[in-house]
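Structural description and commentary
One letter stands for each residue in the lines below.
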Amino acid sequence: RAVAMSVSHSSRLNKLVREQYMRLPQDGRVQVTYVWIDGSGEGVRCKSRTLDKEPKSIEDVPEWNFDGSSTAQAEGSNSDMFLVPVCMFRDPFCLDPNKLVLCEVLKYNRKPAETNLRHTCKKVMDLVKDSHPWFGMEQEYTLLGINGHPYGWPDNGFPGPQGPYYCGVGADKVYGRDIVESHYKACLYAGVKICGTNAEVMPSQWEFQVGPCEGIEMGDHLWMARFILHRVCEDFGVVATLDPKPMTGNWNGAGCHTNYSTEEMRRDGGLKHIEAAIEKLSKRHDYHICVYDPRGGRDNSRRLTGHHETSNIFEFSAGVANRGASIRIPRQVGQDGYGYFEDRRPAANCDPYAVTEAIMRTTVLNETGVETKDYADH
């Protein structure tokens, strides 16, 4: 007996019919899809417009606007928000010469919207550019059916316990690989710096990695990779959630482990600089927990329990090859004496701009305490 899969109605539309229209010529004009972060700090929105010719750089893409009252970013009486293009990618859905454009959101007075965390991140990255900070972020996510239940799980029960699913192969161990591979190819086509993917510990949970990226590029590329993931899932009729703990009980949560180094950490003898940075992080644990998820640590408190390969949210720890620590130094780095380290605390739904900015404020700009400095006047 066939089992009905919980997928959206729109995914069942005839895609061959769509393909007939997608092949039509555009007569030199270009479709540009503007992408931005909404008022939740987690969701992405998009809308498209036509340009008369293909933009060759981000400067060729004009500013636009949208109704912020419909995205929890403005009131109806003063709802126009500015979309300021900041990073351009090829469009893997409508294909060349069409573009995806990531945008910052500004309010009516040209000040950054509350969830525009890129604005201050860019200032900080400009200040620390001589240290050449590299990042690589490991984005975990969970596939859900349109009914909100993990995709491929029994309707009225649970799959077998964790163990065979991590990096698994086989129809009884892996759910949704078509989506994962489509997302990977779409990111490569777009120009997103995706560098890998794997099935995760909980069934229907996956991970992709983006990096190495320098400075502000990390947030730009991860946000576009997230947009592409949601858009690919839309075609398949399922949902990708970045909830840090989508299933309670004896199941792994979802994080966004952040690998980081500066130029001096990557040189011979860099381990002493890595250890110095970890020492600074250890004295500012509460500040980092507050910015590592959109709700000031409340989301992460469901995940960082000290179990399921996590540290305890109330304690800072570090160790070589220790996946139960706040900070992990890879074994190879310990042996070589230089390289990078991994901050395992960020939640899957973190804002990468907030995470990378916080790491730079603490490890390079030497900020302490829970307050941050405003460098606007410096």
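Residues numbered from 1 in each chain as written. Predicted model: local features only at pLDDT ≥ 70, side-chain atom pairs only at ≥ 80, totals over all residues. Heavy atoms only, no water.

Enumeration according to the criterion identifies eight aromatic pairs in this entry. Geometrically, the ring pair formed by Tyr260 and Phe341 is edge-to-face, given 5.4 Å between the ring centres and 90° between the ring planes. Here Tyr260, found in strand S10 (residues 256-261), pairs with Phe341, found in strand S13 (residues 341-343); they are 81 residues apart in sequence, far enough to count as distant. We note that Tyr260, like Phe341, is buried. Through pairs of rings, three or more aromatic residues link up here, namely Phe135, Tyr260 and Phe341. Taking NZ or CZ as reference, Lys47 lies 4.1 Å from the ring centre of Trp64, over its face. Positioned over the ring face of Trp223 is Arg226, at 4.7 Å from the centre of the ring. (Phe/Tyr/Trp six-rings, centres within 6.5 Å; stacked < 30°, edge-to-face > 60°. Helix = DSSP H or I, 4+ residues; strand = E, 2+ residues; numbered from the N terminus. Buried < 20%, exposed > 50% of the residue type's maximum accessible area, 1.4 Å probe, protein only. Lys NZ or Arg CZ within 6 Å of the ring centre and 35° of its normal.)

Membership of the largest hydrophobic core comes to 71 residues, with the highest contact counts inside it found for Tyr141, Leu143, Val192, Phe208, Met224, Ile228 and Phe341. Of all the elements, helix H4 (residues 217-236) adds the most residues to this core, at 10 residues. A domain-level breakdown of this core finds at least three residues from each of domain 1 (12-115) and domain 2 (125-364). With near-sequence residues (within four places) excluded, Phe341 lies in contact with Thr258, Asn259, Tyr260, Met265, Ile274, Ala277, Ile278, Leu281, Ile327, Arg328, Ile329 and Pro330. (Core = buried A, V, L, I, M, F, W, Y, C linked by side-chain atoms within 4.5 Å. Domains from an automatic or database assignment. Contact = heavy atoms within 4.5 Å.)

Burial analysis of strand S6 (residues 134-144) places 10 of its 11 residues in the buried class, the great majority of the element. Sheet topology places S6 next to S10; six bridges connect them, and they run antiparallel. Within the sheet, the bridge partner assigned to Trp134 lies in S10 and is Ser261. As judged from the three bridges shared by S6 and strand S9 (residues 239-241), these two strands associate in the antiparallel manner. Looking across to S9, one finds that Leu143 is bridged to Ala240. (Pairing = 2+ DSSP bridges.)

What follows deals with the domain arrangement of the protein. For the protein, the assigned domains read domain 1 (12-115) and domain 2 (125-364). Between the C-alpha centres of domain 1 and domain 2 the distance comes to 26 Å. In this complex, domain 1 contributes 20 residues to the contact, which on the side of domain 2 involves 20 residues. For the domain 1 and domain 2 pair, buried surface summed over both sides reaches about 1,800 Å², with 70% attributable to carbon and sulfur atoms. Three residues, Glu42, Phe89 and Phe93, lead the burial of domain 1 against domain 2; their summed loss comes to 35% of the area buried on that side. For the pair domain 1 and domain 2, the number of links is one salt bridge. For Glu42, the salt bridge is made with Arg295, and the minimal N-O distance between the two is 2.8 Å. In this structure, the connection of domain 1 to domain 2 is made through five residue pairs in polar contact (both at pLDDT 80 or more). Those elements that place two or more of their residues in the side of domain 1 that touches domain 2 are helix H1 (15-22), strand S1 (30-37), strand S2 (44-51), strand S4 (80-90) and strand S5 (99-106). The class makeup of the residues in the side of domain 1 that touches domain 2 is 12 nonpolar, two polar and six charged. (Buried area = accessible area lost by both parts, 1.4 Å probe. Salt bridge = Lys/Arg side-chain N within 4 Å of Asp/Glu carboxyl O. Polar contact = N/O pair within 3.5 Å; in protein donor to acceptor, adjacent residues only side chain to side chain. Nonpolar A, V, L, I, M, F, W, Y, C, P; charged D, E, K, R; others polar.)

The topology assignment puts Arg361 in helix H9 (residues 352-363). A C-alpha to C-alpha distance of 7.4 Å links Arg361 and Val124, two positions 237 residues apart in sequence. Discounting residues that sit within four places of it in the chain, Arg361 has contacts with Val124, Arg284, Tyr287, Asn366, Glu367, Thr372, Lys373 and Tyr375.

Quick look at the UniProt feature "domain: GS beta-grasp" (unreviewed entry) in the protein now. Under the UniProt annotation, the feature "domain: GS beta-grasp" (unreviewed entry) is placed at residues 30-110. Along residues 30-110 the backbone is 0% helical and 48% strand, and the end-to-end C-alpha distance reaches 28 Å. (UniProt positions renumbered as here; feature names shortened; annotations may be inferred.)

Here we take up the state of the cysteines. On inspection of all chains with the given rule, the structure shows zero disulfides. Take Cys94: it sits in no disulfide, and the sulfur closest to it among the cysteines is that of Cys46, at 10 Å. Unpaired in terms of disulfides, Cys195 finds its nearest cysteine sulfur in Cys213, a separation of 8.1 Å. For Cys195, a relative accessible area of 46% corresponds to the partly exposed category. (Disulfide = S-S within 2.5 Å.)

Before going further, it helps to spend a moment on the pairing of S5. With eight of its eight residues buried, S5 lies for the most part within the structure. Of the two faces of S5, both are covered, the one formed by Lys99, Val101, Cys103 and Val105 as well as the one formed by Leu100, Leu102, Glu104 and Leu106. Both S1 and S5 contribute to a ladder of four bridges, which runs parallel. Its bridge partner being in S5, Tyr34 is matched across the sheet by Val101. Bridge analysis of S4 against S5 gives eight bridges, and the strand direction is antiparallel. Bridge pairing links Val84 to Glu104 in S5.

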